[in-house]
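# Overview (structure and organization)
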Amino acid sequence: MPLAATQEGEASGSRYPALRRGRSSTTAAAAAAAMFATTDRSSSLVHKRRQSGGSQSAHRKKTKRRSASNQRSNKRKRTSQEEEREDEVSSAGSSPIRVPHIPDEVYRKFDDPDTWKTIQKAQADYNLKLARRMAYPTLNVHMIRASMCVLDDPELVPDHESARKAVLHAAQSVVGISSFVGGKLLARGCGFWIDWDEKNKMGTFLTTSRLICTKSPSFNCWLGQEEYDLDAEVLVHLWDGTTKSAQLQYLQKHYDLAFFSVRVDQPVYKPSFNDGVKRADHVLELGRDESSFLRISYGVVKYLNPNLLERYHYMFVQGADPQPEYGNGGPLIDFGGKIVGMVNGNTRGSFLPSSILVKCLHLWKKFQRIPRPHLGMKFWSIKFIDLALAENILRRCNIDDGLIVKEVSEGSPAEKLGIRAGDVIECFNGERISTTVELENMLLSKCEDESDNLNSKVDVELGVFHIRKSLWRSRTLTVNVSDDGEVVDPGVRYPFGKGASVSSVSPSEPSETPGSIPWHLIEQTEGDTMVDTESPAYC
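This text gives an overview of the structure that appears in the document.

Criteria and thresholds
Every chain is numbered on its own, with residues counted from 1 as its sequence reads. Residues qualify for local features only when their pLDDT is at least 70, as the model is predicted, and side-chain atom pairs are given and counted only at 80 or more; totals for whole chains, interfaces and linings, by contrast, use all residues. No hydrogens and no water enter the side-chain calculation; it runs on all heavy atoms of the structure. By definition, any uninterrupted DSSP run of H or I lasting at least four residues is a helix, any uninterrupted run of E lasting at least two residues is a strand, and each is numbered from the N terminus. We call two residues in contact whenever any of their non-hydrogen atoms come within 4.5 Å of each other. Only the protein chains shown count as covering a residue, and every accessible area follows the Shrake-Rupley method with a 1.4 Å probe. Only buried residues count toward a nonpolar core, which is a set of Ala, Val, Leu, Ile, Met, Phe, Trp, Tyr and Cys residues joined through side-chain atoms within 4.5 Å. Burial classes follow relative accessibility: with a 1.4 Å probe on protein chains only, a residue under 20% of its type's maximum area counts as buried, one over 50% as exposed, and anything between as partly exposed. The rule for a salt bridge is simple: a side-chain nitrogen of Lys or Arg has to be within 4 Å of a carboxyl oxygen of Asp or Glu. The aromatic pairing rule takes the rings of Phe, Tyr and Trp, using the six-membered ring of Trp, and pairs them if the centres are within 6.5 Å, calling planes under 30 degrees apart stacked, those over 60 edge-to-face and the rest tilted. Note: two strands are recorded as paired if DSSP finds a minimum of 2 bridges between them. Every angle, taken between N-to-C directions, lies between 0 and 180 degrees, and every axis is a line fitted to C-alpha atoms, over only the stretch in contact when it is a helix. Comment on the angle field: the value is read as roughly parallel under 35 degrees, roughly antiparallel over 145, roughly perpendicular from 65 to 115, and oblique elsewhere. Note on convention: near helix rotated counterclockwise from far helix by under a right angle means a left-handed crossing. Clockwise means right-handed. By this rule the span expected of a helix is its residue count minus one, scaled by 1.5 Å.

The secondary structure content of the protein amounts to nine helices and 23 strands. Pairs at least 24 residues apart make up 64% of the contacts formed inside the protein by residues separated by at least 6 positions. Here the protein has roughly 29,400 Å² of accessible surface; of this, 51% comes from carbon and sulfur atoms.

So, in structure tokens, the structure goes:
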């Protein structure tokens, strides 16, 4: 049949193995003959030696020379045979790939079942061989995405070579992770190695607790309503292409952290940290997709005040994917390859800065958990609010730094001390605090210093400006220390829906009730009561 189709084992691939096998057999026979010949010569020498009355030393020298010569000859023969076997193995299955050619006259026989089956088989063999070839790392181009070209943009990355080295260096620590509940995929993300136990051959990696979060009924992280499956199956996709099961070591809900361990044969790469990340730093976000291919995103660090639904210990990246498809739990690195944060992806490109990460890792290694004082308040930084609002505060209150209290939890020690929304806290334990990240570092440092109080309470000295009385006061706040997620609930439920009203607030008599909202922040829209929790009202 006039059909040319390249298949493994045909044409160029089928004759040569047979020839090689023939040569191998011939060589083996020659080697055997040489071996027997050597044996005969040795026997003859022994017989002559017994009959000879000459010098024994001369015979020994001759025997040694002949033995060495025979060994070199046999070594050359063995090396030749090994090389032939290596050639045979390297040639197996590597015949050139050819696109099946179907002559014109064959097209006229498409109604012939045998011809059609032959064509299908040829095409299937070709596709199979093509797929095998594309599986080789040097030929696989399926992983290429537009995001991979970020390093090639000279406006974003002026020094391409240093950025490339930094990414390849840090990528050694990044692993892909999948979680399953009841055999069904729960989440996919990534993490990075943080520890290696040489004795037990165990590696520990850090990732986001979202990996095992099964339920999050509220957008408000401060309500603590998330549910986690501590027995979820977690698979880590290692650097060598293997997949292994990981075991949960510790879950930290407040910082959205999960520590897992996995048995590995080789030491893991532990990255270094740069805890000095600041505004306008250029960073790269690393992640791995479902095939464990590296994904890269570029961004610039910026400061933002958190919305009231998210934790206040985050920093943000502008330009990177605000809700990364592959990077959740992965590292954010600088152009030196050091980690500056962990990608969180809650909102607006948020990430946990490395200054907090380093303290969390230190506490975990020291206490096997990460405790922190629960202040029962939410804050905004004066540094990051709109400049016109900051000027208004400075003009009317003579304050240009500190943290604005946005919400106070109902029944908390802060509420009992008289701290209310709108008050300004300028210093904690005698230390001036300008941002919520600085506040979080201070709280973690206090836990490091007071290890005896990890299961009880600690005192926090506050310098408070009471906005309603325009007075500065020093207050001692005694709060609980816990490694659970902090809950801040003002205890007020605003009615929503048509015909709803807010009876506790009036435009002529603003309420001083903790958690109440000023009248000008409430608007009526088509019969629905709407609350603008983002509009700041300070003085």
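The biggest cluster of nonpolar side chains holds 64 residues, and the ones touching the most others in it are L257, I370, L375, M377, F379, F428 and L439. Those residues within four positions of M377 in sequence are excluded, and the remaining contacts are W222, Y312, V405, E407, V408, A414, I419, I425, L477, E486 and V488.

Take the pattern of salt bridges next. In total, this model carries 12 salt bridges according to the counting rule given. Between K121 and D125 there is a salt bridge, and its shortest N-O distance comes to 2.9 Å. Of the two residues, K121 and D125 are both situated in helix α4 (residues 113-134); the distance of four residues between them amounts to about one turn of the helix. Among the residues examined, D125 registers a relative accessible area of 21% and is labelled partly exposed. The partner of D483 in a salt bridge is R369, with the nearest N and O atoms 3.9 Å apart. Within this pair, whereas D483 is found in the loop between β21 (471-482) and β22 (522-525), its partner R369 is found in the loop between α6 (354-367) and β15 (372-373), the two being separated by 114 residues in sequence. Overlapping salt bridges bring together R372, E440 and E486 as one network.

Of all residues except glycine, most have a negative phi; of all peptide bonds, most are trans. Positive phi, close to 70 degrees, is recorded for S292, a residue that is not glycine. Counting through the fold element by element, S292 comes out in the loop between β9 (282-288) and β10 (294-302). Its relative accessible area of 22% is what places S292 among the partly exposed residues. Residues other than glycine seldom take positive phi values, yet S470 does so here, at roughly 55 degrees.

What follows covers the packing of aromatic side chains. Going through the model one piece at a time under the given rule, you end up with 10 aromatic pairs. When the ring of F205 is compared with that of F260, the centres are 5.6 Å apart and the planes differ by 15 degrees; the resulting orientation is stacked. Within this pair, whereas F205 is found in strand β3 (residues 202-208), its partner F260 is found in strand β8 (residues 257-263), the two being separated by 55 residues in sequence. Judged by its relative accessible area of 0%, F205 falls in the buried class. Ring geometry for Y312 versus F379: centroids 5.7 Å apart, planes at 70 degrees, classification edge-to-face. With Y312 in the loop between β10 and β11 (315-318) and F379 in strand β16 (residues 377-381), the pair connects residues that are 67 residues apart, well separated along the chain. Neither residue differs from the other here; Y312 and F379 are each classed as buried.

This part is about the pairing of strand β20 (residues 457-466). Here β20 lies mainly inside the structure; seven of its 10 residues are buried. Here four bridges tie strand β18 (residues 424-428) to β20, and the two strands are oriented antiparallel to one another. Within β20, the position partnered with C427 by the bridge is G463. Here 10 bridges tie β20 to β21, and the two strands are oriented antiparallel to one another. Bridged to V460 within β21 is L477. The loop that links β20 with its antiparallel partner β21 comprises four residues; one of these, S470, has a positive phi angle of about 55 degrees.

Assignment of secondary structure puts P100 in the loop between α2 (56-91) and α3 (104-107). When the C-alpha atoms of P100 and Q123 are compared, they prove to be 6.5 Å apart, with 23 residues separating the residues in sequence.

With that settled, the discussion passes to the packing of α6 against helix α9 (residues 436-449). Following both chains from N to C, one finds α6 and α9 inclined at 15 degrees, their axes separated by 10 Å at the closest point. By the criterion of interaxial angle, the relationship of α6 to α9 is roughly parallel. Relative to α9, the crossing made by α6 is left-handed. Between α6, through S355, I356, K359, C360, H362, L363, K366 and F367, and α9, the contact on the second element is made entirely by V437, E440, N441, L444, S445, C447 and E448.

This brings us to α6. Two residues of an α-helix separated by three or four positions point the same way, owing to the 3.6 residues in each turn. Its 14 residues give α6 an end-to-end C-alpha distance of 19 Å, which sits within 8% of 20 Å, the value for a rise of 1.5 Å per residue. Buried within α6 are the following residues: S354, S355, I356, L357, K359, C360, L361, L363 and W364. Two residues or fewer past α6, Q368 is found with a positive phi of approximately 65 degrees.

Moving on, we get to α9. Under the 1.5 Å per step criterion, the end-to-end length of α9 is 20 Å for 14 residues, consistent within 8% with the ideal 20 Å. If you check which residues of α9 are buried, you get T436, V437, L439, E440, N441, M442, L443, L444, K446, C447 and E448.

Taken in spatial order, the six strands line up as β9-β10-β11-β14-β13-β12 and close into a barrel, and their pairing is antiparallel. Across the sheet, the mean angle separating the axes of adjacent strands is 45 degrees when strand polarity is ignored. Two elements, strand β13 (residues 339-343) and strand β14 (residues 350-353), share three bridges in a ladder whose sense is antiparallel. Bridge assignment links M342 to a residue of β14, and that residue is L352. Sheet strands touched by α6: β13 and β14. Its angle to β14, the strand with the most contacts, is close to 50 degrees.

Taken across its five residues, strand β6 (residues 233-237) has four buried, putting it largely inside the fold. One ladder, built from five bridges, connects strand β1 (residues 174-181) with β6; its direction is antiparallel. In the strand pairing of β6, G176 is matched with H237. Inspection of the sheet shows β6 paired to strand β7 (residues 243-252) by four bridges, in the antiparallel sense. Bridge assignment links V236 to a residue of β7, and that residue is K244. Between β6 and β7, which follow one another and run antiparallel, lie five residues, and G241 among them has a positive phi close to 95 degrees.

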